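Descriptive structure summary
Chain by chain, the residues run as shown.
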Amino acid sequence: MSIDFPDTLLKTLSAAHAVAAFTGAGVSAESGVPTFRGNEGIWTRFKPEELANLAAFMKNPELVWEWYRARKTIIAGVEPNAAHKALAALEELYGDVTIVTQNIDNLHRRAGSRTVVELHGNIERNYCMTCGTPASNASVLSADGAPRCEVEGCGGLVRPDVVWFGEMLPEDEWDRAVRAMARADVVLSIGTSGVVYPAASLPLTAKQQGALLVEINPEPTPLTPHADVFLRGPAGSILPDIVSVLRAHRAVQNR
Ligand code: BJW
Ligand code: ZN
């Protein structure tokens, strides 16, 4: 094991019944999906607020679609990494594991996690802004410019099924996230800059409700001062270490 694993963390994790993970773009970084912010981020040319909002889309749907097509192509070509797989493996150890993700890349489900709450939508889905009919990925990828609805007589503008700035988060997903945070004994906040609200309030609320808040990130974030434990480093190394330690601990307990 390469990380320094604090005793409080081991004690709380080994006694925990419900675990929630709150994840962000950093969890998918080691799969090759660029993050949003920082030097490695995809948003160095445009700030997130400039592209991921409805006004920007209505003003220049071709530009926004060019960016989404590029990202859809990247995401279709990558695989879940050791961090996604370790989170899926937590289900062997706990009966109640919820992944609350800000990511839109579907990699948690592809890694095998069964309870995934997607706060910001899913890039694999698209829908018509006029009639709401879903549009297939194949049709939006092959469209020239901004794709249009294929329902007869509609022709509305198709958009990706993701949450942009100024838009409400899907209500049912938000409710599921709030409930998961309320029952969690431990919340792992992983690979997120923690600057986008209301998502970033979830780990803070969980801590106020009594959960142990553990943050995993190579860099400190605004959440770090609130974390009970800060494990500094890449998720793809730290999460498998946590799972190994817990498996070893369970094996000793069950002897
Ligand atoms: C690693 C790693 C490794 C790297 N291992 N880690 C003023 C104050 C407060 C709030 C607001 C405000 N003004 C406006 C708002 C609200 C706004 C907001 O929060 N803005 C702030 C930025 C100021 N929020 C909203 O608008 C939300 N809706 C809302 O509030 O509705 C109510 C409302 C209605 C009407 C009017 C106003 C309000 C909606 C937010 C939607 C966010 N959407 C996006 C795009 C999704 C679609 C898409 O992907 O195309 O979601 S933006 C983008 O940011 C994306 C992400 O999910 C989200 C969070 O980013 P994340 O995941 O944290 O990534 P990064 O890149 O920031 O961080 C990566 C981290 O990984 C870093 O820390 C690295 O160190 C780390 N890392 N390698 C572990 N190997
Ligand atoms: Zn339509």
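Position numbers for residues count from 1 along each chain, tracking the sequence in the order it is written. To label them, take the chains in the order written and letter them from A, then take the ligands in the order written and number them from 1. Confidence filtering applies because this is a predicted model: local features only for residues at pLDDT of at least 70, side-chain atom pairs given and counted only at 80 or more, and all residues used for totals across whole chains, interfaces and linings. Each side-chain value is worked out from all heavy atoms of the structure, with water and hydrogens disregarded.

Digging into the nonpolar core
Test applied: Nonpolar core, defined: a set of buried Ala, Val, Leu, Ile, Met, Phe, Trp, Tyr and Cys residues in which side-chain atoms within 4.5 Å join the residues together. When a residue's accessible area, from a 1.4 Å probe over protein chains only, is under 20% of the maximum for its type it is buried; when over 50% it is exposed; and in between it is partly exposed. Strands here are runs of E lasting at least two residues and helices are runs of H or I lasting at least four, both read from the DSSP assignment and numbered beginning at the N terminus.
Ranked by internal contacts, the top residues of the largest apolar core, which has 33 residues, are Leu90, Tyr94, Leu188, Ile190, Leu239 and Ile242. Put simply, the parts of the chain that give this core at least two residues each are α1 (7-15), β1 (18-23), α6 (82-93), β2 (96-101), β7 (186-190), β8 (212-217), β9 (229-232) and α11 (235-253). It is α11 that provides the largest number of residues to this core, a total of seven residues. Among the nonpolar cores identified, the runner-up in size contains 22 residues, and Leu51, Trp67, Tyr68 and Cys128 belong to it.

Remarks on the environment of Lys85
Stated formally: Residue contacts are counted whenever heavy atoms from the two residues lie within 4.5 Å of one another.
Structurally, Lys85 can be placed in helix α6. Taking the C-alpha atoms as reference, Lys85 lies 23 Å from Ala199; in sequence the two are 114 residues apart. Those residues in contact with Lys85 that sit more than four places away from it in its chain are Pro80 and Ala111.

Looking at the domain arrangement of the protein chain
The cut-off we apply is this: In this entry, domain limits derive from an automatic or database-based domain assignment. Here the quantity called buried area is the accessible surface, traced with a 1.4 Å probe, that two parts lose on coming together, added over both. When a carboxyl oxygen of Asp or Glu is within 4 Å of a side-chain nitrogen of Lys or Arg, the pair counts as a salt bridge. Gly counts as polar in this scheme, as do all residues outside two lists: the nonpolar Ala, Val, Leu, Ile, Met, Phe, Trp, Tyr, Cys and Pro, and the charged Asp, Glu, Lys and Arg.
In terms of domains, the protein chain is made up of domain 1 (1-33 + 80-120 + 169-255) and domain 2 (35-77 + 124-162). In this structure, domain 1 and domain 2 have C-alpha centres spaced 29 Å apart. Across the contact, 14 residues belong to domain 1 and 10 residues belong to domain 2. Here domain 1 and domain 2 share an interface that buries about 880 Å² over both sides, 59% of which is from carbon and sulfur atoms. Summed over the three residues of domain 1 that lose the most area to domain 2, namely Ala25, Val33 and Ile104, the buried surface amounts to 41% of that side. Counting the contacts that link domain 1 with domain 2 gives one salt bridge. The residue Glu118 makes a salt bridge to Arg125 at a minimum N-O spacing of 3.8 Å. Within the side of domain 1 that touches domain 2, the residues separate by chemical class into six nonpolar, five polar and three charged.

Side note on the site of ligand 1
Short version of the rule: Near is defined per residue: the residue qualifies when any heavy atom it owns lies within 4 Å of the molecule or strand. For the purposes of these results, a polar contact is taken to be a pair of N or O atoms within 3.5 Å, where, inside protein, one atom must be able to donate a hydrogen and its partner to accept one; residues adjacent in sequence count only when each atom of the pair is a side-chain atom. Accessibility throughout is a Shrake-Rupley quantity obtained with a 1.4 Å probe, and a residue counts as covered only by protein chains that appear here.
Around ligand 1, the structure places 35 residues, and the nearest of them are Arg37, Tyr68, Gly166, Thr192 and Ser193. A distance of 2.7 Å separates an oxygen atom of ligand 1 from a polar side-chain atom of Arg37. One of the backbone N or O atoms of Val163 is found 2.9 Å from a nitrogen atom in ligand 1. In the complex, the protein chains occlude 74% of the 1500 Å² of accessible area that ligand 1 would expose alone. Only α2 (26-29) and α5 (61-76) provide two or more residues apiece to the shell around ligand 1. Here the shell around ligand 1 gets three residues from one element, more than from any other, and that element is α5. The class makeup of the residues in the shell around ligand 1 is 19 nonpolar, 10 polar and six charged.

A closer look at α11
Rules: What a helix should span is 1.5 Å times the count of its residues minus one.
Here α11 is 19 residues long and its end C-alpha atoms lie 27 Å apart, about the 27 Å a rise of 1.5 Å per residue gives. Against α1, α6, β7, β8 and β9 lie the buried residues of α11.

What to know about the coordination of the zinc ion (ligand 2)
Octahedral six-donor coordination of a metal ideally yields angles of 90 or 180 degrees, compared with 109.5 degrees for tetrahedral four-donor coordination. Rules: Any N, O or S atom lying within 2.8 Å of the metal counts as a donor, with the limit raised to 3.2 Å for Na, K and Ca; because water is left out of the atom set, some sites can appear incomplete. Each label reflects the angles at the metal, where four donors whose angles all fall between 85 and 135 degrees are tetrahedral, four or six donors whose opposite pairs open beyond 155 degrees and whose other angles stay between 65 and 115 are square planar or octahedral respectively, and the rest are irregular.
The coordination sphere of the zinc ion (ligand 2), as far as protein atoms go, consists of Cys128 (SG), Cys131 (SG), Cys149 (SG) and Cys154 (SG), spread over 2.2 to 2.4 Å. In this structure, the zinc ion (ligand 2) is surrounded by four donor atoms whose angles at the metal cover 103 to 117°, and the resulting shape is tetrahedral. Positions of the donor residues of the zinc ion (ligand 2) along the chain correspond to the pattern C-x2-C-x17-C-x4-C. Placement of Cys128 in strand β4 (residues 121-128) and of Cys154 in the loop between α8 (137-142) and β6 (158-162) is noted, with a sequence separation of 26 residues between them.

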